[in-house]
Amino acid sequence: MKFFVDTANLDQIKEAASLGIIDGVTTNPSLIAKEGIIGTEAILRHYETICGLVDGDVSAEVIATDFETMVREGETLAAIHPRIVVKVPITKEGLKAISYFSKKGIRTNCTLIFSPGQALLAAKAGASYVSPFMGRLDDISQEGIELIRSLREIFDNYAFETEILAASARSPLHIVQCARIGADVVTCPLSSLLALLNHPLTQVGLEKFLSDYARSQEQAEKTYPRV
Ligand code: G3P
């Protein structure tokens, strides 16, 4: 299973990369806006910087909603770096753009997927990744994880090469559930990945190891004082 970090924040991307477990980065227009980056040139440079920080794929989203402009924007994004994946929303125009990019050898991530039918269309159009938004389904009291399960079943039925990139994952539980189902990738904030480290018994166990060791050293110092 691949781990992508879902942020445009360079410090978080650097920290994630330093862990040695990060396979890529996903961004979206909201995450870019959050970093206060203004203007097309600055945004393109930001994506280039991100590509320099991680070894894996970096999703960069088009802003346009019509086919022609999506194609223009996507080609500009793809020209930044070979590891850029053009993120395109699941609309009729988006589907046409994914199909166009696929024929041109430009990799795509079809975003804003909330139903198996949308993912099926994106896979048929040749998307490299589909991004089902599990957290946002949970937000409206639908089981986001069930969408991941359906996509795994459908994609396996037909051996689609499109990878399931479980997005809008916001908790350690989401990550583990995705792993059990066999999502190809999960993207989430760095905090959710770091939360996987935590277990109370690990904390208690480590404290005990360290205090036992310190006590034995003190005892040894008393028994065999250094001269
Ligand atoms: O990058 C898309 C997705 O991961 C957004 O997540 O938390 O805004 O629903 P969220």
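Residues numbered from 1 in each chain as written. Predicted model: local features only at pLDDT ≥ 70, side-chain atom pairs only at ≥ 80, totals over all residues. Heavy atoms only, no water.

A.B. asks: Just to check I follow, could you spell out the site of the ligand for this structure?
C.D. replies: Around the ligand, the surrounding shell consists of Asp6, Asn28, Lys87, Phe133, Arg136, Ala167, Ser168 and Arg170. Note that an oxygen atom of the ligand is positioned 2.6 Å from one of the side-chain N or O atoms of Arg136. Within the side chain of Ser168, an N or O atom sits 2.7 Å from an oxygen atom of the ligand. Calculation on the ligand without its partners gives an accessible area of 310 Å², and the protein chains cover 83% of this total. Grouping the constituent residues of the shell around the ligand by class yields two nonpolar, two polar and four charged. (Near = heavy atom within 4 Å. Polar contact = N/O pair within 3.5 Å; in protein donor to acceptor, adjacent residues only side chain to side chain. Areas by Shrake-Rupley, 256 points an atom, 1.4 Å probe, with all protein chains shown as cover. Nonpolar A, V, L, I, M, F, W, Y, C, P; charged D, E, K, R; others polar.)

A.B. asks: Before we go on, may I ask you to explain the pairing of strand β6 (residues 129-132) in this structure?
C.D. replies: In regular strands, side chains alternate between the two faces of the sheet. The two faces of β6 match: Tyr129 and Ser131 on one face and Val130 and Pro132 on the other face are all buried. Pairing of strand β5 (residues 108-113) with β6 involves three bridges; the strand directions are parallel. Bridging from a neighbouring strand, Asn109 pairs with Tyr129 of β6. As a crossover connection, the stretch from β5 through helix α6 (residues 116-125) into β6 is right-handed. The sheet contact formed by β6 and strand β7 (residues 163-166) spans two bridges and is parallel. Note on β7: the bridge partner recorded for Val130 is Ile164. (Buried < 20%, exposed > 50% of the residue type's maximum accessible area, 1.4 Å probe, protein only. Helix = DSSP H or I, 4+ residues; strand = E, 2+ residues; numbered from the N terminus. Pairing = 2+ DSSP bridges. Right-handed = clockwise from strand over helix to strand, strands pointing away.)

A.B. asks: How should I be thinking about the packing of helix α1 (residues 10-18) against helix α3 (residues 40-53) in this particular structure?
C.D. replies: Two numbers describe a pair of packed helices, the interaxial angle and the distance between the axes. The geometry of α1 relative to α3 is characterised by a closest axis approach of 10 Å and an angle of 15° between their N-to-C directions. With respect to their mutual orientation, α1 and α3 come out roughly parallel. In the crossing of α1 with α3, the sense of the turn from one axis to the other is right-handed. Residues Leu10, Ile13, Lys14 and Ala17 of α1 pack against His46, Thr49, Ile50 and Leu53 of α3. Within the contact of α1 with α3, the residues separate by chemical class into five nonpolar, two polar and one charged. (Axes fitted to C-alpha atoms, helices over the stretch in contact; angles between N-to-C directions. Parallel < 35°, antiparallel > 145°, perpendicular 65-115°, else oblique. Left-handed = near helix turned anticlockwise from the far one by under 90°. Contact = heavy atoms within 4.5 Å.)

A.B. asks: I would appreciate a short explanation of the sheet that holds strand β4 (residues 84-89) in the present structure.
C.D. replies: Strands pair in a sheet through their backbones, by hydrogen bonds, and they do so in one of two ways: parallel or antiparallel. Taken together, the eight strands give a closed barrel; going around it, the order is β1-β2-β3-β4-β5-β6-β7-β8, and neighbouring strands pair in parallel fashion. Neighbour-to-neighbour, the strand axes of the sheet open up by a mean angle of 30°, direction not taken into account. Pairing between strand β3 (residues 57-61) and β4: four bridges, direction parallel. Along β4, the bridge assignment pairs Glu61 with Lys87. Here helix α5 (residues 92-104) sits on the sheet and contacts β4 and β5; the angle it forms with β4, its principal contact strand, is near 155°. In the packing of α6 onto the sheet, the strands contacted are β5 and β6, and the crossing angle to β5 comes to about 165°.

A.B. asks: What should I look at first to understand the nonpolar core in this one?
C.D. replies: Where a protein is soluble and globular, its nonpolar side chains tend to be buried together. Among the nonpolar cores identified, the biggest contains 59 residues, and Leu77, Ile84, Cys110, Val130, Ile148 and Cys178 are the most heavily contacted of them. If you tally residues by element for this core, the top one is helix α8 (residues 144-158), at six residues. When residues no more than four places from it in sequence are discounted, the contact partners of Leu77 are Leu44, Tyr47, Ala60, Glu61, Val62, Ile84 and Val86. Formed by five residues, the second largest nonpolar core is a distinct cluster that contains Phe4, Val85, Leu165 and Val185. (Core = buried A, V, L, I, M, F, W, Y, C linked by side-chain atoms within 4.5 Å.)

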